[in-house]
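# Coordinate analysis (summary)
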Amino acid sequence: MRFEIRDHDGLGRLGKLRINQKRVETPAFVPVIQPRHQTIPGTKLSKLGVEMVITNAYIIHQDSALSQQAKNGIHKFLDFNGAVMTDSGAYQLLMYGKVDVTNQEIIEFQKKIGTDIGVILDVPPGLDLPENQVAQHVKTTITRAKEAKQLDWGNTEFVYPAHGAPYWSILEKSIKAGEKLGYGLFGLGGIVPKMMNYRFDEVILSQKMLKQNWLGPVHMFGLGHPMLIPLAVLFGADTFDSASHHLFAQDDRIITQNGTRKLEETEFLAGIDVSELKQLGGRERREALAEYNLIQILDEVERVKQAIIDGRLWEYTHQSVMAHPNLMEAFIQGLQDRPFKKTEPAVKRKAFFYQTELSLEREEVVRHFEKLDRILPDTVRVVDIDDFGAGKCVVHPVFGLIPWEIRTVYPLMQNEFPNSVCVLKTTKNRLAELLKNRTTKSSTKSGLLPKHEKIMPIPEKASFEKEMEMRFKYQFGKKAKGIFKGVRPVYSRTGRLSELRHKRDLFAVIRARDGWIIPKELMFDRMPNIKWIDVEESLKGKSSILTPGIKGYSKNILAKDFVEIRNGKKRVGLGIARLGSAELGLLGGVGVQIEFWSVTHT
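Before going into details, it helps to say that this report is about the structure given with it. (Residues numbered from 1 in each chain as written. Predicted model: local features only at pLDDT ≥ 70, side-chain atom pairs only at ≥ 80, totals over all residues. Heavy atoms only, no water.)

All right, on to the overall build of the protein then. Check the secondary structure of the protein and you find 21 helices and 29 strands. The C-alpha atoms of the protein give a radius of gyration of 27 Å, which matches the 25 Å a tight globule of 602 residues would have. Dimensions of the protein, computed from the C-alpha atoms along their principal axes, are close to 85 × 60 × 50 Å. Taking the contacts inside the protein whose residues are at least 6 apart along the sequence as the reference set, 67% of them involve residues at least 24 apart. (Helix = DSSP H or I, 4+ residues; strand = E, 2+ residues; numbered from the N terminus. Rg over C-alpha atoms; globule rule 2.2 N^0.38 Å. Contact = heavy atoms within 4.5 Å.)

Right, let's get into the sheet that holds strand E3 (residues 22–26). Ordered in space as E1-E2-E3, the three strands form an open sheet in which the pairing is antiparallel. Where the open sheet ends on each side, the last strands, each with one partner, are strand E1 (2–9) and E3. Each strand axis lies, on average, 10 degrees off the axis of its neighbour in the sheet, ignoring direction. Across seven bridges, the pairing between E1 and strand E2 (residues 12–19) is antiparallel. Looking across to E2, one finds that Ile5 is bridged to Gly15. Sheet strands in contact with helix H14 (residues 282–310) are E1, E2 and E3, and its direction is about 70 degrees off that of E1. (Pairing = 2+ DSSP bridges. Axes fitted to C-alpha atoms, helices over the stretch in contact; angles between N-to-C directions.)

Here we take up the nonpolar core. In terms of nonpolar packing, the biggest core is built from 97 residues, with Tyr183, Met220, Leu223, Leu231, Phe235, Phe240 and Phe331 touching the most fellow members. Counting residues per element, this core draws most heavily on H14, at 11 residues. Membership of the second largest hydrophobic core comes to 61 residues, among which are Ile406, Phe417, Ala508 and Ile530. (Core = buried A, V, L, I, M, F, W, Y, C linked by side-chain atoms within 4.5 Å. Buried < 20%, exposed > 50% of the residue type's maximum accessible area, 1.4 Å probe, protein only.)

Moving on: a nonpolar patch on the surface. Nonpolar side chains collect at one region of the surface, where Tyr91, Met95 and Tyr96 lie side by side and expose about 340 Å² of accessible area between them. In this structure, Met95 sits in helix H5 (residues 90–96). (Patch = residues over 30% accessible without salt bridge, like charges linked within 9 Å, V, L, I, M, F, W, Y side chains within 5 Å. Areas by Shrake-Rupley, 256 points an atom, 1.4 Å probe, with all protein chains shown as cover. Salt bridge = Lys/Arg side-chain N within 4 Å of Asp/Glu carboxyl O.)

This part covers a positive patch on the surface. Judged by side-chain charge, Lys139, Lys146, Lys173 and Lys180 come together as a positively charged surface patch. Contributions of two or more residues to the positive patch are made by helix H7 (131–149) and helix H8 (168–181). In this structure, Lys173 sits in helix H8. (Lys, Arg positive; Asp, Glu negative; His and termini not counted. Charge placed at Lys NZ, Arg CZ, Asp CG, Glu CD.)

Here we take up the packing of H7 against H8. Direction vectors running N to C along H7 and H8 enclose 5 degrees, while the axes themselves pass 10 Å from each other. One way to sum up the angle between H7 and H8 is to call them roughly parallel. Residue-level contacts link Glu131, Val134, Ala135, Val138, Ile142, Ala145, Lys146 and Lys149 of H7 to Ile170, Ser174, Ala177 and Leu181 of H8. Classifying every residue of the contact of H7 with H8 by side-chain character gives eight nonpolar, one polar and three charged. (Parallel < 35°, antiparallel > 145°, perpendicular 65-115°, else oblique. Nonpolar A, V, L, I, M, F, W, Y, C, P; charged D, E, K, R; others polar.)

With antiparallel pairing, the four strands of this open sheet are ordered in space as E20-E21-E22-E23. Taken across any chain shown, the strands that pair with only one partner, and hence form the sheet edges, are strand E20 (487–491) and strand E23 (517–519). Between one strand axis and the next, the sheet turns by 30 degrees as a mean value, whatever way the strands run. As defined by bridge partners, strand E21 (residues 497–502) adjoins strand E22 (residues 505–510) across four bridges and the pair is classed as antiparallel. Looking across to E22, one finds that Leu500 is bridged to Ala508.

With that out of the way, let us pick up the packing of aromatic side chains. Summed over all chains, the structure comprises 16 aromatic pairs. Centre to centre, the rings of Phe29 and Phe240 are 6.5 Å apart; their planes meet at 40 degrees, and the pair counts as tilted. Remark: Phe240 occurs in strand E11 (residues 239–242) and Phe29 occurs in strand E4 (residues 28–33); sequence separation between them is 211 residues. Classification of Phe240 by relative accessible area gives buried; the value is 0%. Between Phe352 and Phe399, the aromatic rings sit 5.2 Å apart at their centres with planes inclined by 65 degrees, giving edge-to-face as the arrangement. Here Phe352 is found in strand E14 (residues 352–353), whereas its partner Phe399 is found in the loop between strand E16 (393–396) and strand E17 (400–403), with 47 residues between them in sequence. Here Phe352 and Phe399 have matching classes, each one buried. Clustering of aromatic rings is evident, with ring pairs tying together Trp153, Phe158, Tyr160, Tyr183, Phe186 and Trp214. The ring of Phe524 carries the charged tip of Arg571 above its face, separated from the ring centre by 4.3 Å. (Phe/Tyr/Trp six-rings, centres within 6.5 Å; stacked < 30°, edge-to-face > 60°. Lys NZ or Arg CZ within 6 Å of the ring centre and 35° of its normal.)

Of the pockets and cavities examined, the largest pocket occupies roughly 1,200 Å³. Around the largest pocket, the lining is made up of 46 residues, and of these Tyr91, Val192, Gly222, Ser242 and Leu247 lie nearest the centre. Among the secondary structure elements, those contributing two or more residues to the lining of the largest pocket are E4, strand E5 (52–56), helix H2 (57–62), H5, helix H9 (192–196), E11, helix H12 (244–250) and strand E13 (259–262). Among the elements that line the lining of the largest pocket, the one with the most residues is H5, at five residues. Residues that form the lining of the largest pocket fall into these classes: 25 nonpolar, 15 polar and six charged. (1 Å grid on protein atoms, 1.4 Å probe; cavity = no way out; pocket = protein on both sides within 12 Å on 5 of 7 lines; lining within 4 Å. Points joined across faces, edges and corners; volume = space filled by probe spheres on them.)

Let us now look at empty space enclosed by the protein. Counted by the stated rule, this structure contains nine cavities of 30 Å³ or more. As a volume, the largest cavity reaches approximately 110 Å³. Of the residues contributing to the lining of the largest cavity, the split by class is seven nonpolar, one polar and six charged.

This part takes up unusual backbone geometry. That bond from Ala165 to Pro166 is cis: its omega, 5 degrees, falls within 30 degrees of zero. Relative to the elements of secondary structure, Pro166 occurs in the loop between strand E8 (157–162) and H8. Cis rather than trans, the peptide bond between Tyr410 and Pro411 has omega equal to 0 degrees. For Pro411, the position within the fold is in the loop between E17 and strand E18 (415–416).

Now the structure itself:
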């Protein structure tokens with residue numbers, strides 16, 4: 001099994017899970033197929049865009065007729081050519097208290113029927129069990145996980161189910177045990193009773209703890225409602241299964257983006273004639289409703305994928321949690337302690353949109369204050385927008401201070417907020433902490449300053465080198481003394497800085513959408529050491545480097561950071577990290593996209 005990442009936002013990833021020549025694009029909803037009655041046939045699921053399904057190996061194992069049919073392979077049994085995941089009977093154990101199969105028997109059965117991804121027979125704790133019972137269930141699960149590791153899996157990959165919430169020390173022990181055993185796919189189980197009781201905070205805090213200890217692929221058992229999917233993906237869910245589309249249809253209920261509705265109370269639905277639907281017979285109506293419900297879930301997953309590409313998953317999630325107060329509470333609790341510090345990309349394609357004061361907890365804002373601390377001089381001059389010029393800062397309601405020299409760098413110009421928003425309390429507190437050891441000269445008349453959209457005048461030559469060195473330190477975090485000596489700016493027709501040249505040679509490009517410095521060979525020769533990745537000598541000349549070819553890397557790399565490419569101690573090129581340090585040694589696929597291979601350092 002391989003898991004490759006294409007894009008990030010928060011802890012959410014747009015990726016590809018590859019197993020047994022099958023590909024599943026993540027995040028992915030995995031519909032449950034009932035072994036005794038397929039409400040939606042496997043071939044129809046494929047046409048709807050489903051790439052992986054899950055069914056219950058325990059039910060098939062216990063039914064002699066079904067077991068006989070499945071001997072020819074689970075894919076043929078389900079009439080589905082995509083990836084197939086099977087559950088071990090743990091759900092039945094959770095709901096009914098016992099199963100008539102051993103861990104070894106169900107593991108060997110899943111392998112025998114050709115399951116792509118199986119599950120060990122874990123023991124999910126029920127709702128509100130005392131701590132000692134939860135600890136015992138987790139201990140039994142770990143023992144069975146060790147037992148499973150001694151068996152021959154064949155072509156089946158097995159999931160390690162983590163349990164323990166709300167006893168966080170037990171959950172952490174469970175997660176670390178799975179990692180130590182070498183499982184490549186983790187699951188978060190036992191969440192169905194919590195979701196049925198709207199205890200979304202426990203679900204998200206469990207997911208958050210799992211991702212703090214494990215950044216590989218994660219499956220969530222029993223999550224299948226659009227109103228929770230954005231939040232779950234933001235906090236790291238890659239795949240998630242549910243029979244919700246079928247179960248709600250059985251009760252004549254319709255899944256919507258913000259909740260569920262009774263069919264009898266509904267008159268209007270997009271893409272379907274409600275009056276005709278109500279006139280259908282019982283089974284025919286349930287099948288039509290199940291398909292409609294499934295489409296609503298799949299559509300939500302597609303919207304989440306696009307939000308990841310746009311860098312707007314945080315904003316999209318913020319909108320979705322407005323559907324229920326308990327979702328909002330889960331969101332607020334999940335945001336504590338900077339959960340996205342290691343995974344949030346260094347830069348995004350789209351502008352930062354302010355929504356509520358929760359937006360101040362976004363990594364773009366917190367990182368800006370950290371960068372300010374390393375570039376601001378001992379004396380800071382704060383002025384009004386009309387007096388904004390070299391060596392001066394203006395107050396921003398969200399980002400605190402914006403020095404003139406870095407005014408066009410993401411996200412300082414690439415942001416939107418209501419003009420009525422004043423300098424917020426959180427911002428004031430962060431400013432106070434930032435400036436407490438600095439001398440501040442202020443001529444600001446008000447804490448509320450208008451946005452500045454005018455093109456800045458071309459700086460005088462005397463201040464240009466200082467401006468570029470501040471921008472370099474803001475972006476790369478290292479000393480930049482003397483790098484820009486003898487370099488001249490080139491401006492576009494709109495007055496924006498577009499290129500840096502040394503004599504006639506291209507020194508660097510200033511990326512228009514975010515103001516980032518894109519170094520070229522001549523600048524690379526002058527740069528001090530920045531974040532680095534060490535690659536094998538044989539890979540020189542490639543356009544990208546896969547993670548197996550990476551020998552070492554800095555500890556603080558973020559996705560989309562510029563990184564120095566090394567071969568040992570020799571600098572050989574410059575690239576853009578596709579994965580952060582936390583993921584480089586864990587995941588497959590492209591680790592770094594090469595900008596250029598150095599000629600002078602070969």
